[in-house]
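If you want the building blocks of each chain, they are given just below.
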Amino acid sequence: MSAYKIGQSIDDVRAASGNISIHKMSSNENPYGPSPKAITAITEQLSQLHYYPERDDSKITRALAEHFGKGLCAANFTTGNGAVDLINLLESAMFVEGEANSIVICPPCFGSYAATAKLKGATVIEHPLDPQTFAIDSAGLANSITENTRLVYICNPNNPTGSYFDQSALSQILDSLPEHVTLVYDEVYYHFATEFRMPDAIQSVLHKRNIVILHSFSKAYGLAGLRTGYAIASEAIIAKLKKRKLTFQNDRLSMAAMQAALGDKQFLTKIIDNNTQQRTWLRRQLDDLGIQYWPSQANFICFKAPNGKTAQQIIELLLTYGVMVRAAFYLPDCVRVSIGQAEANRQFIKAISEIIDQTSGGTER
Ligand SMILES: Cc1ncc(COP(=O)(O)O)c(C=O)c1O
């Protein structure tokens, strides 16, 4: 059975490569560290760890409702151990026991949708993005749905391509879905979409549409190691999800960190601004090097492996320069680089430009 393959850890690479400085640009993490307010909140909780946490996440769901406003209430939210946990929870809640179940995904996309569904015996139906532009087929997506389809996954901005779509595409998809299908709208990178007007999916939740929005504290808030995320949906959908959650599912550290990070506006602004600036800088450098890449509104860029190399060859060559990147899933010729701090980005560009020079002799693989 296929499980989602995680990337190498920085310790693995350090152990293998001795003393060179390593830049981990492979998992779309926040290179600036966690929200300082979250660190303080976690530290304050440490001496309380002998006490159970609150029974449920109602404190944080109230805080989320207040944070977003727009008429949402606590009952429109539930938290999980990262968006991955919520994907798993959604599939458990929406799959029908004793019947065939299927999901529809739009590859190239995040691997966990298919991995967790397959573990539950579901069929994974692929409705690919446009192979040239990575645009979503909003007009035709519903054609891939069968009577057993429970969930359709779309991601905006999309991992690994960085591509994005607007309100009209989201509305078209939602309007095309039959009643028995729930749309999972994965928006874990939404903070980074600073040069594009993202759809207002919360309006669809307020209109009780069949949609679940996924958000995460792993990306802009820098809490990937803590495993915290949340879903936004109609009260009916959230109630269905909550039935499957365990008492004391959220630990003290996660709940304190989420609450504090939500209030850390200064940190968030810094992260988003830096990401936009560094993304612009990287785009310019890639242009100068003649490397093909796709427009991204996320904290990573997907580019074509230069000089006819495979993604794997470029990944291995970059590692020799201490730069960790990842293959863009489903795309053997494309590499995904997470946007780092300025120094990491410079090291990446220096390395890739030297690799281009070294490998410019031929296009053999
Ligand atoms: C598109 C997408 N969705 C969900 C996740 C999982 O996020 P979390 O760390 O909250 O589990 C990731 C992680 O990289 C992702 O890229």
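Moving on, we come to the overall build of the protein. A count of helices and strands for the protein gives 12 helices and 12 strands. The globule rule puts the C-alpha radius of gyration for 365 residues at 21 Å, and the 21 Å found for the protein is close to it. Dimensions of the protein, computed from C-alpha atoms along their principal axes, come out at roughly 60 × 55 × 40 Å. The 365 residues of the protein split such that 54% are buried. Total accessible area computed for the protein in this model is approximately 16,200 Å², and 51% of it derives from carbon and sulfur atoms. Looking at the protein, you have 34 positive and 35 negative side-chain charges, and the mean spots of the two groups are 4 Å apart.

Bringing the sheet that holds strand S11 (residues 326-327) into the picture now. The strand order across the open sheet formed by three strands is S9-S12-S11, and the pairing between neighbours is antiparallel. One side of each edge strand has no neighbouring strand; the edge strands of this open sheet are strand S9 (300-304) and S11. Here S11 runs beside strand S12 (residues 334-338); their pairing, made up of two bridges, is antiparallel. Residue Ala-327 lies in a different strand from S12, and its bridge partner there is Val-335.

Every one of the 14 residues lining the ligand counts as a neighbour, but Ala-83, Asp-186, Ser-216, Ser-218 and Arg-227 are closest to it. Taking Asn-159, its side chain carries an N or O atom lying 2.7 Å from an oxygen atom of the ligand. The fraction of the free accessible surface of the ligand (400 Å²) that becomes covered by protein chains is 94%. Element by element, the count of residues in the shell around the ligand is highest for helix H4 (residues 82-94), at three residues. When its residues are assigned to classes, the shell around the ligand shows seven nonpolar, four polar and three charged.

What follows is about the sheet that holds strand S7 (residues 211-216). A sheet is described by the order of its strands in space; here seven strands give the open sequence S2-S8-S7-S6-S5-S3-S4, paired in mixed fashion. Edge positions in the sheet fall to strand S2 (77-80) and strand S4 (123-126), since each has one partner strand and no second. Neighbour-to-neighbour, the strand axes of this sheet turn through a mean angle of 25°, independent of strand direction. Two elements, strand S3 (residues 102-105) and strand S5 (residues 149-155), share three bridges in a ladder whose sense is parallel. Bridged to Ile-103 within S5 is Leu-151. Running over the sheet, H4 touches S2, S3, S5, strand S6 (182-186), S7 and strand S8 (229-232) and is turned about 160° from S5. Against the sheet, helix H5 (residues 112-119) contacts S3, S4, S5 and S6, and its axis sits at roughly 170° relative to S3.

Along any regular strand the residues' side chains alternate between the sheet's two faces. Burial of S12 is extensive: five of the five residues sit out of reach of the surface. Alternating residues of S12 divide into Cys-334, Arg-336 and Ser-338 and Val-335 and Val-337, and every residue in both groups is buried. As judged from the five bridges shared by S9 and S12, these two strands associate in the antiparallel manner. Its bridge partner being in S12, Lys-304 is matched across the sheet by Cys-334. Counted along the chain from S11 to the antiparallel partner S12, the turn is six residues long, and its residue Tyr-330 has a positive phi close to 75°.

This brings us to helix H2 (residues 36-45). Buried residues of H2: Ala-38, Ala-41, Ile-42 and Gln-45, and no others. Projected onto a plane normal to the axis of H2, the buried residues spread over an arc of 100° and lie on a single side. Elements in contact with the buried residues of H2: helix H9 (252-262).

Two elements in contact, H2 and H9, have axes whose closest approach is 8 Å; the angle formed by their N-to-C orientations is 150°. For the crossing formed where H2 meets H9, the hand is right-handed. Of H9, the residues touching H2 (which contributes Lys-37, Ala-38, Ala-41, Ile-42 and Gln-45) are Arg-252, Leu-253, Ala-256, Ala-257, Ala-260 and Ala-261.

Moving on, we come to the domain arrangement of the protein. We note that the domain assignment places domain 1 (10-33 + 266-355) and domain 2 (36-264) within the protein. Between the C-alpha centres of domain 1 and domain 2 the distance comes to 26 Å. Counting residues at the interface gives 28 residues for domain 1, matched by 32 residues for domain 2. The tally of links from domain 1 across to domain 2 stands at two salt bridges. A salt bridge links Glu-195 to Arg-283, with the nearest nitrogen and oxygen atoms 3.0 Å apart. Sorting the residues of the side of domain 1 that touches domain 2 by element identifies helix H10 (265-289) and S9 as the ones contributing at least two each. The leading source of residues in the side of domain 1 that touches domain 2 is H10, at 10 residues.

A few words on the nonpolar core. Among the nonpolar cores identified, the biggest contains 63 residues, and Val-152, Ile-154, Leu-183, Tyr-185 and Ile-232 are the most heavily contacted of them. Looking at this core element by element, the count peaks at six residues for H9. Residues lining this core come from more than one domain, with at least three contributed by each of domain 1 (10-33 + 266-355) and domain 2 (36-264). Leu-183 has contacts with Val-152, Ile-154, Leu-170, Ile-173, Leu-174, Leu-177, Asn-210, Ile-211 and Val-212, leaving out every residue within four places of it along the chain. Within the second largest apolar cluster, 28 residues are counted, among which are Phe-110, Ala-117, Val-184 and Ala-233.

Parameters at a glance
Residues numbered from 1 in each chain as written. Predicted model: local features only at pLDDT ≥ 70, side-chain atom pairs only at ≥ 80, totals over all residues. Heavy atoms only, no water. Helix = DSSP H or I, 4+ residues; strand = E, 2+ residues; numbered from the N terminus. Rg over C-alpha atoms; globule rule 2.2 N^0.38 Å. Buried < 20%, exposed > 50% of the residue type's maximum accessible area, 1.4 Å probe, protein only. Areas by Shrake-Rupley, 256 points an atom, 1.4 Å probe, with all protein chains shown as cover. Lys, Arg positive; Asp, Glu negative; His and termini not counted. Charge placed at Lys NZ, Arg CZ, Asp CG, Glu CD. Pairing = 2+ DSSP bridges. Near = heavy atom within 4 Å. Polar contact = N/O pair within 3.5 Å; in protein donor to acceptor, adjacent residues only side chain to side chain. Nonpolar A, V, L, I, M, F, W, Y, C, P; charged D, E, K, R; others polar. Axes fitted to C-alpha atoms, helices over the stretch in contact; angles between N-to-C directions. Contact = heavy atoms within 4.5 Å. Arc of directions from axis to C-beta. Left-handed = near helix turned anticlockwise from the far one by under 90°. Domains from an automatic or database assignment. Salt bridge = Lys/Arg side-chain N within 4 Å of Asp/Glu carboxyl O. Core = buried A, V, L, I, M, F, W, Y, C linked by side-chain atoms within 4.5 Å.

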